[in-house]
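Residues per chain, in single letters:
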Amino acid sequence: MRLILLGPPGAGKGTQAQRLIERHGIPQLSTGDMLREAVARQTEIGRRAQAIMDAGQLVPDDVVIGIVADRIEEADARSGFILDGFPRTVPQAEALDDLLSRKGLKIDAVLEFQVDEDALVSRIEKRAAETLAAGKPVRKDDTPEVFRRRLQEFRQLTAAVVPYYRQRGLSHVVDGMAPIDEVTRQIEAILPVAARV
């Protein structure tokens, strides 16, 4: 089973990805983690990415796709995977489709986490306050200002990917504002159908 989780930051994708890992035994592939691992292992694509990042530039789509291509060849991803944070743009989605097609694979489902953005900002503010109250440092991306900027970036870039997958009949809406267990139930109801398509 090959899944993509789409939704703004704070929508609960990470929590649900962990539950999918436990229930289905497939890895979560985060582009940030894959990039760091490729750089650390000094793979060919990792060295290329390192040079680009050292120059202070964004890693281009072809390098990101190369990293994804290498990662899905690893043994733990052969029976499926969860992509979180990728694809971020339509060109990345098209490149992913092309990559998978060449390998005789396809995406089974795209889980689209729909949320109330104002409620998400309140959720982040509450999490930051609880973290401070516990005497722990607040993550820099858990401030309302940074979070609002990340939401805007999501709308500008990633939101364009949603129609791409809707047109292909792969997108399934999940209520990201529901309680965690309810979101899990929604996802599990979608997956058997998606896996048979």
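We now turn to the structure provided with this report. Everything numeric here is computed off the predicted structure, so don't read it as measured data. (Residues numbered from 1 in each chain as written. Predicted model: local features only at pLDDT ≥ 70, side-chain atom pairs only at ≥ 80, totals over all residues. Heavy atoms only, no water.)

Our focus in this paragraph is the packing of helix 2 (residues 31-41) against helix 4 (residues 61-71). As a packed pair, helix 2 and helix 4 sit with axes 10 Å apart at the nearest point and diverge in direction by 85 degrees. Relative to helix 4, helix 2 is oriented roughly perpendicular. Counting all contacts with helix 2, which are made through T31, M34, L35 and A38, the residues of helix 4 involved are V64, I67, V68 and R71. For the contact of helix 2 with helix 4, the residue count by class is six nonpolar, one polar and one charged. (Axes fitted to C-alpha atoms, helices over the stretch in contact; angles between N-to-C directions. Helix = DSSP H or I, 4+ residues; strand = E, 2+ residues; numbered from the N terminus. Parallel < 35°, antiparallel > 145°, perpendicular 65-115°, else oblique. Contact = heavy atoms within 4.5 Å. Nonpolar A, V, L, I, M, F, W, Y, C, P; charged D, E, K, R; others polar.)

Let us look at helix 5 (residues 90-102). The first and last C-alpha atoms of helix 5 sit 18 Å apart over 13 residues, in line with the 18 Å expected at 1.5 Å per residue. Buried residues along helix 5 sit against strand 1 (2-6), helix 4, strand 3 (81-84) and helix 8 (161-167). The first or second residue beyond helix 5 is G104, which carries a positive phi of 70 degrees. (Expected span 1.5 Å × (residues − 1).)

Across all of its chains, the model carries one aromatic pair by this definition. Above the face of the Y164 ring, R168 is positioned so that its terminal group lies 3.5 Å from the ring centre. (Phe/Tyr/Trp six-rings, centres within 6.5 Å; stacked < 30°, edge-to-face > 60°. Lys NZ or Arg CZ within 6 Å of the ring centre and 35° of its normal.)

Despite not being glycine, Q42 shows a phi value in the positive range, around 55 degrees. Tracing the backbone shows Q42 in the loop between helix 2 and helix 3 (44-54).

For the rest of this paragraph, the subject is the pattern of salt bridges. Per the stated rule, a full pass over the model turns up 16 salt bridges. Put simply, D76 and R71 hold a salt bridge, and the shortest N to O gap is 2.8 Å. The partly exposed category is assigned to D76, whose relative accessible area is 37%. For E182, the salt bridge is made with R185, and the minimal N-O distance between the two is 3.2 Å. In this pair, E182 and R185 are both assigned in helix 9 (residues 180-196), three residues apart and thus about one turn of the helix distant. One salt-bridge network, held together by shared partners, links E37, R41, R71, E74 and D76. (Salt bridge = Lys/Arg side-chain N within 4 Å of Asp/Glu carboxyl O. Buried < 20%, exposed > 50% of the residue type's maximum accessible area, 1.4 Å probe, protein only.)

Let us now look at the packing of helix 6 (residues 117-133) against helix 7 (residues 144-156). In contact at an axis separation of 10 Å, helix 6 and helix 7 are set at 145 degrees when each is read in the N-to-C sense. Pair helix 6 / helix 7 crosses with right-handed handedness. Residues E117, L120, V121, I124 and E125 of helix 6 lie in contact with helix 7, whose contacting residues are P144, F147, R148, L151 and R155. Partitioned by chemical class, the residues of the contact of helix 6 with helix 7 number six nonpolar, no polar and four charged. (Left-handed = near helix turned anticlockwise from the far one by under 90°.)

Position of I190 among the secondary structure elements: in helix 9. Take I190: its relative accessible area is 13%, and that puts it in the buried class. When the C-alpha positions of I190 and L20 are compared, they lie 12 Å apart, and in sequence the two are 170 residues distant. Excluding anything up to four places from it in sequence, I190 contacts L111, H172, V173 and V174.

What follows covers the side chain of S171. Relative to the elements of secondary structure, S171 occurs in strand 5 (residues 171-175). A residue is classified by how much of its surface remains accessible, and S171, at 18% relative accessible area, is buried. A polar side-chain atom of S171 sits 2.8 Å from a polar atom in the side chain of E112. Sequence-distant contacts of S171, that is, excluding residues within four places in its chain, are made with V110, E112, Y165 and R166. (Polar contact = N/O pair within 3.5 Å; in protein donor to acceptor, adjacent residues only side chain to side chain.)

This brings us to the sheet that holds strand 4 (residues 109-114). As summarised here, the arrangement of the five strands in space is 2-3-1-4-5, forming an open sheet in which the pairing is parallel. Of all strands in the sheet, those with a lone pairing partner are strand 2 (28-30) and strand 5, marking the two edges. Sheet twist, expressed as the mean angle between neighbouring strand axes with direction ignored, is 25 degrees. Bridging between strand 1 and strand 4 involves four bridges; their strand directions are parallel. In the strand pairing of strand 4, L6 is matched with E112. (Pairing = 2+ DSSP bridges.)

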